[in-house]
Amino acid sequence: QVHLQESGPGLVKPSQTLSLTCTVSGGSISSGNYYWHWIRQPAGKGLEWIGRVSTNGITFYNPSLKSRVTISRDTTSNQFSLKLSSVTAADTAVYYCARFDGYGDFDSWGQGTLVTVSS
Amino acid sequence: QTVVTQEPSFSVSPGGTVTLTCGLSSGSVSTTHYPSWYQQTPGQAPRTLIYNTKIRSSGVPDRFSGSILGNKGALTITGAQADDESAYYCVVYVGNGIWVFGGGTKVTVL
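Before going into details, it helps to say that this report is about the structure given with it. The structure displayed is predicted, hence computed values, not measured ones.

Calculation criteria
- All residue numbers refer to positions counted from 1 along the written sequence of the respective chain.
- Ligands are numbered from 1 and chains lettered from A, in the order in which they are written.
- Note on the predicted model: pLDDT of at least 70 is required for a residue's local features to be given, and 80 or more for side-chain atom pairs to be given and counted; whole-chain, interface and lining totals, by contrast, use all residues.
- Based on all heavy atoms of the structure, the side-chain values leave hydrogens and waters out of the count.
- Here a strand is any run of E in DSSP of at least two residues, a helix any run of H or I of at least four, and the numbering for each starts at the N terminus.
- Here, any two strands with at least 2 DSSP bridges between them count as paired.
- Cysteine sulfur pairs qualify as disulfides if the two atoms are within 2.5 Å.
- Buried means the residue's accessible area, taken with a 1.4 Å probe over protein chains only, is under 20% of the maximum for its type, while exposed means over 50%, and partly exposed covers the values in between.
- Only four residue types enter the charge count: Lys and Arg as positive, Asp and Glu as negative, with His and the chain ends excluded.
- Only one rule defines a salt bridge in this text: a Lys or Arg side-chain nitrogen within 4 Å of an Asp or Glu carboxyl oxygen.
- Residues are treated as being in contact if the distance between any of their heavy atoms lies within 4.5 Å.
- In these notes, a set of buried Ala, Val, Leu, Ile, Met, Phe, Trp, Tyr and Cys residues joined through side-chain atoms within 4.5 Å is what counts as a nonpolar core.
- The quantity reported as buried area is the accessible area (1.4 Å probe) lost by two parts once they are put together, taken as the sum for both.
- For the purposes of these results, a polar contact is taken to be a pair of N or O atoms within 3.5 Å, where, inside protein, one atom must be able to donate a hydrogen and its partner to accept one; residues adjacent in sequence count only when each atom of the pair is a side-chain atom.
- Under the scheme applied, nonpolar residues are Ala, Val, Leu, Ile, Met, Phe, Trp, Tyr, Cys and Pro; charged residues are Asp, Glu, Lys and Arg; polar residues are all the others, including Gly.

Once that is clear, we can look at the environment of phenylalanine 80 of chain A. Mapped onto the fold, phenylalanine 80 of chain A is located in strand S8 (residues 79–84). When the C-alpha positions of phenylalanine 80 of chain A and valine 53 of chain A are compared, they lie 8.0 Å apart, and in sequence the two are 27 residues distant.

Okay, structure coming up:
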């Protein structure tokens, strides 16, 4: 059973860079027909897809965030990461990492981590 | 920018049937968009109900079913129960590696 866990600062100042890491256990991020995603949810609002990295390191991003987002992976640590630059209050949200199984299913999610952008 | 539309809210009586839909601003939803449906209760991560249009996730009751209805993806709850009261999100693949979530539908059972 794969397990995903987000970690990172819960408070980021405006204009700075938000950095989160997703640690994966029970499965390798560099093998299998899987893709590793970041998704966020502002309080009381819907889910927003941020982007993903594949097992071979290829990334795709939400066009509305693309200029500010970088997703990378560390296969040694079995982690993948999110960096979102130039943050504003609008980036305050619960951030989830999730595994996509290649058959159409975001089948495993982290518990989510709240990131607040505030001075 | 592609927008995925869902009804903001629905109310259903216990034992009743409700169909939620998932539309696409750029045209029709088809199986090539791999529409999937997730259930989310407050404070929890989303849980898969249906993926790839109509495949029910393991452990999901068969009162949940997925389909394409007209030009939209659809989630039908047949025989709604009190614990079906949740937010439901669809997500579709729009190509070029990009996924888009709908705004979610809040279902009330009363």
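All names here are of chain A. Alignment of strand S9 (residues 93–100) against strand S10 (residues 106–109), held across three bridges, turns out to be antiparallel. Paired with alanine 98 across the two strands is tryptophan 109, which belongs to S10. Between S9 and S10, which pair antiparallel one after the other, the connecting turn spans five residues, and glycine 102 there sits at a positive phi close to 85 degrees.

So, about the state of the cysteines. Using the criterion set out here, one finds two disulfides over all chains in the structure. Bridging cysteine 22 of chain A to cysteine 97 of chain A, the disulfide has an S-S length of 2.1 Å. Here cysteine 22 of chain A and cysteine 97 of chain A share a disulfide; its torsion about the S-S bond, 65 degrees, makes the bridge right-handed. Of this pair, cysteine 22 of chain A sits in strand S3 (residues 18–25) while cysteine 97 of chain A sits in strand S9, and the two are 75 residues apart along the sequence. Residues cysteine 22 of chain A and cysteine 97 of chain A agree in their burial class; the two are buried. A disulfide bridge connects cysteine 22 of chain B with cysteine 90 of chain B, and the sulfur atoms are separated by 2.1 Å. One quick way to see it: the torsion about the S-S bond of cysteine 22 of chain B and cysteine 90 of chain B is about 75 degrees, and its sign makes the bridge right-handed. With cysteine 22 of chain B in strand S3 (residues 17–24) and cysteine 90 of chain B in strand S9 (residues 86–95), this residue pair connects regions lying 68 residues apart in the sequence. An identical accessibility class is assigned to cysteine 22 of chain B and cysteine 90 of chain B; each is buried.

Of note, arginine 52 of chain A is situated in strand S5 (residues 48–54). The buried charged residue arginine 52 of chain A lacks any salt bridge partner; its closest oppositely charged side chain belongs to aspartate 101 of chain A, at an N-O distance of 12 Å. Non-local contacts of arginine 52 of chain A, meaning those with residues more than four positions away in its chain, are made with Tyr35, Trp36, His37, Ile58, Thr59, Phe60 and Ile71 of chain A together with Gly97 of chain B.

Another aspect to go through is the pattern of salt bridges. All names here are of chain A. Inspection of every chain in the model, using the stated rule, returns six salt bridges over all chains. A salt bridge links glutamate 48 to arginine 40; the shortest N-O distance between them is 2.7 Å. In this structure, aspartate 107 engages arginine 99 in a salt bridge whose closest nitrogen and oxygen atoms are separated by 2.7 Å. Taking the relative accessible area as the measure of exposure, aspartate 107 reaches 29% and is therefore partly exposed. One salt-bridge network, held together by shared partners, links Arg40, Glu48, Arg68 and Asp91.

What follows covers the nonpolar core. Grouped together as the largest cluster of nonpolar side chains are 36 residues, with contacts concentrated most on Ile39, Phe106 and Trp109 of chain A together with Leu75, Tyr88 and Phe101 of chain B. For this core, the element with the highest residue contribution is S9 of chain B, accounting for six residues. Apart from the residues within four sequence positions on either side, tryptophan 109 of chain A is in contact with Leu4, Ile39, Tyr96, Cys97 and Ala98 of chain A together with Tyr38, Ala45, Pro46 and Phe101 of chain B. Among the nonpolar cores identified, the runner-up in size contains 25 residues, and Val2, Val12, Ile29 and Val69 of chain A belong to it.

Right, let's talk about the interface of chain B and chain A for a bit. Between chain B and chain A, the residue contacts involve 20 residues of the former and 23 residues of the latter. For the chain B and chain A pair, buried surface summed over both sides reaches about 1600 Å², with 61% attributable to carbon and sulfur atoms. Of all residues in chain B, Pro46, Trp99 and Phe101 of chain B bury the most surface against chain A, accounting for 35% of the area lost on that side. Linking chain B with chain A are zero salt bridges. On inspection of chain B and its partner chain A, the count reaches 11 residue pairs in polar contact (both at pLDDT 80 or more). Here the residues of the side of chain B that touches chain A sort into nine nonpolar, 11 polar and no charged.

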